[in-house]
Amino acid sequence: MNVSVMSAEEIVDRYLNMVYRLAYARTGNVPDAEDITQEVFLKLIRSGQEFNDEEHVKAWLIRVTVNQVRTNATTAYNRHRADFEEAENISYETPNDLERQETQGEIRAAMKELPEKYSTVLHLFYFDELSVKQIAEALDTSEGTVKSQLSRGRAMLKTILQEEFDYA
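Residues numbered from 1 in each chain as written. Predicted model: local features only at pLDDT ≥ 70, side-chain atom pairs only at ≥ 80, totals over all residues. Heavy atoms only, no water.

Participant: How would you explain the nonpolar core if you had to name every residue and give the values?
Facilitator: In terms of nonpolar packing, the biggest core is built from 38 residues, with Ile11, Tyr15, Leu61, Ile62, Leu114 and Leu157 touching the most fellow members. For this core, the elements supplying multiple residues, two or more each, are helix H1 (8-27), helix H2 (30-47), helix H3 (54-73), helix H5 (95-113), helix H6 (116-126), helix H7 (132-139) and helix H8 (143-165). Beyond its immediate stretch of four places on either side in the chain, Ile62 contacts Met18, Leu22, Leu124, Leu130, Ala138 and Leu139. (Core = buried A, V, L, I, M, F, W, Y, C linked by side-chain atoms within 4.5 Å. Buried < 20%, exposed > 50% of the residue type's maximum accessible area, 1.4 Å probe, protein only. Helix = DSSP H or I, 4+ residues; strand = E, 2+ residues; numbered from the N terminus. Contact = heavy atoms within 4.5 Å.)

The structure is reproduced here in structure tokens:
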């Protein structure tokens, strides 16, 4: 695919879910994730950015998403706002679904306690299934740094889950 002729609409269609998932993983809040996703794609359209290849597109979107999450978190409104849960929208088909939802919620809560650099690389690696090389390019850092952050992040996550949620 020739990315240089890829329209903004095609980029949005292809990467909307990736950007949204990353924003949601960092905020844990649907409205904030939606706002951040919208801002990222508005920046894409306004920038007129041209990309060399598909990896360049992904890296640019990840970098802008991470930066937009930081910007969003520093607004006065978001610093003082209560975080409301959307429990009324959750439905469970079987007891296993409930257990899986609870486990995912506990992992999400534990990941929120991690420093941003660790939760970001863990999310990109496990949820967006990016390689260490792709994460390094997206975050403009070395592969060794990403590997270290993955290792430390996993250890920190394990400790949090053991202490707070009694996981072995």
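Participant: Break down the confidence of the model for the chain for me, with residues and values.
Facilitator: For the chain, the mean per-residue pLDDT works out to 79, and 76% of the residues sit at or above 70. When mean pLDDT is taken per element in the chain, H2 scores highest with 91 and helix H4 (residues 76-80) scores lowest with 47. (pLDDT = per-residue confidence, 0-100.)

Participant: I'd like a rundown of unusual backbone geometry, residues and numbers included.
Facilitator: With a phi angle near 55 degrees, Asp140 is a residue other than glycine that sits in the positive phi range. Within the fold, Asp140 resides in the loop between H7 and H8.

Participant: Go over the packing of aromatic side chains with me, naming the residues and quoting the values.
Facilitator: All chains considered together, the criterion is met by 3 aromatic pairs. Seen from their ring centres, Tyr20 and Tyr24 are 6.2 Å apart, and the 20 degrees between their planes marks the pair as stacked. Remark: Tyr24 and Tyr20 occur in helix H1; sequence separation between them is 4 residues, near one turn of the helix. We classify Tyr24 as partly exposed; its relative accessible area is 23%. Between the aromatic rings of Phe125 and Tyr126, the centroid separation amounts to 4.9 Å while the plane-to-plane angle is 85 degrees, which identifies the pairing as edge-to-face. On the basis of relative accessibility, which here comes to 27%, the residue Phe125 falls in the partly exposed class. (Phe/Tyr/Trp six-rings, centres within 6.5 Å; stacked < 30°, edge-to-face > 60°.)

Participant: Tell me about empty space enclosed by the protein, and name the residues and values.
Facilitator: All chains considered together, the criterion is met by 1 cavity of 30 Å³ or more. Taken together, Glu55, Lys58, Ala59, Ile62, Leu130, Gln134, Glu137 and Ala138 form the lining of the largest cavity. Counting only elements with at least two residues in the lining of the largest cavity, the list comes to H3 and H7. If you tally residues by element for the lining of the largest cavity, the top one is H3, at 4 residues. Across the lining of the largest cavity, the residue classes break down as 4 nonpolar, 1 polar and 3 charged. (1 Å grid on protein atoms, 1.4 Å probe; cavity = no way out; pocket = protein on both sides within 12 Å on 5 of 7 lines; lining within 4 Å. Points joined across faces, edges and corners; volume = space filled by probe spheres on them. Nonpolar A, V, L, I, M, F, W, Y, C, P; charged D, E, K, R; others polar.)

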